[in-house]
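Chain and residue survey
Each chain is listed here by its residues.
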Amino acid sequence: MSRIGRMPIDIPTGATVTLNEGNSVTVQGPKGTLAKTFDSAMNIEIEGNQVTVTRPNDLKRNRSLHGLTRTLISNMVTGVTQGYTKELEINGVGYRAQKQGKKLVLSLGYSHPVEMEDPDGISTTVEGNKIIVAGINKEHVGQFAAEIRFKRPPEPYKGKGIKYVNEVIRRKEGKTGKK
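Presented here is an overview of the structure given in this document. (Residues numbered from 1 in each chain as written. Predicted model: local features only at pLDDT ≥ 70, side-chain atom pairs only at ≥ 80, totals over all residues. Heavy atoms only, no water.)

**Overview of the overall build of the protein chain**
Assigned secondary structure in the protein chain consists of two helices and 13 strands. Scaling as 2.2 N^0.38, a compact globule of 179 residues should have a C-alpha radius of gyration of about 16 Å, whereas the protein chain reaches 21 Å, well beyond that. Each principal axis of the C-alpha atoms in the protein chain carries an extent, and together these give about 70 × 45 × 25 Å. A fraction of 50% describes how many contacts in the protein chain between residues 6 or more apart in sequence connect residues 24 or more apart. Accessible surface, the protein chain: about 11100 Å² in total, of which carbon and sulfur atoms supply 49%. Charge-centre separation for the protein chain: the mean point of 28 positive side chains lies 11 Å from the mean point of 18 negative side chains. (Helix = DSSP H or I, 4+ residues; strand = E, 2+ residues; numbered from the N terminus. Rg over C-alpha atoms; globule rule 2.2 N^0.38 Å. Contact = heavy atoms within 4.5 Å. Areas by Shrake-Rupley, 256 points an atom, 1.4 Å probe, with all protein chains shown as cover. Lys, Arg positive; Asp, Glu negative; His and termini not counted. Charge placed at Lys NZ, Arg CZ, Asp CG, Glu CD.)

**Concerning the pairing of strand β12 (residues 130-135)**
Pairing geometry for strand β7 (residues 84-91) and β12, over six bridges, is antiparallel. Each bridged residue has a counterpart across the sheet, and for tyrosine 84 the counterpart in β12 is glycine 135. In terms of strand pairing, strand β11 (residues 122-127) meets β12 through six bridges, oriented antiparallel. Each bridged residue has a counterpart across the sheet, and for glutamate 127 the counterpart in β12 is lysine 130. Taking the residues between adjacent antiparallel strands as the criterion, β11 and β12 are bridged by two residues, where glycine 128 takes a positive phi near 65°. (Pairing = 2+ DSSP bridges.)

**Considerations on the environment of lysine 175**
Tracing the chain through its elements places lysine 175 in the segment after β13 (161-164). Taking relative accessible area as the criterion, lysine 175 reaches 88% and is therefore assigned exposed. Spatially, the C-alpha atom of lysine 175 lies 9.8 Å from that of tyrosine 157, the residues being 18 residues apart in sequence. (Buried < 20%, exposed > 50% of the residue type's maximum accessible area, 1.4 Å probe, protein only.)

**Here we look at helix α2 (residues 138-150)**
With 13 residues, α2 should cover 18 Å at 1.5 Å per step; its first-to-last C-alpha distance of 18 Å lies within 8% of that length. Structurally, α2 contributes buried residues whose contacts are with β7, β9 (103-107), β10 (114-117), β11, β12 and β13. Its side-chain oxygen at 3.1 Å from the backbone nitrogen of glutamate 139, asparagine 137 defines the N-terminal cap of α2. (Expected span 1.5 Å × (residues − 1). Polar contact = N/O pair within 3.5 Å; in protein donor to acceptor, adjacent residues only side chain to side chain.)

**Considerations on the packing of aromatic side chains**
Going through the model one piece at a time under the given rule, you end up with zero aromatic pairs. Here the basic side chain of lysine 86 rests over the ring of tyrosine 164, its NZ or CZ set 5.2 Å away from the ring centre. For arginine 152, the ring lying beneath its charged end belongs to tyrosine 110, and the centroid distance is 4.3 Å. (Phe/Tyr/Trp six-rings, centres within 6.5 Å; stacked < 30°, edge-to-face > 60°. Lys NZ or Arg CZ within 6 Å of the ring centre and 35° of its normal.)

**Description of the environment of valine 80**
Mapped onto the elements of the fold, valine 80 is located in helix α1 (residues 60-81). What valine 80 contacts, discounting residues up to four positions off in sequence, is Val27, Gln28, Gly29, Pro30, Lys31, Gly32, Thr33 and Leu34.

If you want it as structure tokens, here you go:
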């Protein structure tokens, strides 16, 4: 039995989980609503204030879907109650970020400023040299943070670029003079 898949998901107060036909799960909470359709092989049941996911048999496909389904539903519940955030940090002389309405304008040493529009359901804020990406869908928050980081990934010699706050950059030694 999957260690993660067999754990029940507690539904906090203020959140509601509804199971529709075709294994479609809708989660509503104070921050918003998320809906997702899961594989028909998984048995999703709502009992009181808990959601349980079971699998019909031990086929390899069902075993791999068991923990995944449970984790995705858990992430939906967490998203609509607490939300998700990713923090990015900009390092480098002249590198900066600023907000212009729903646009994130990045000055990253290119000949032009890089403009990125906030997708639906995601908000970005700039605090000094930090960019905070927030939203209720964990997948979308992580994807948009990765797209921002891709505009100027950190380089290993001086550490210049955009990196996650908790990311560790492997530094390399620079050139050495001839003796």
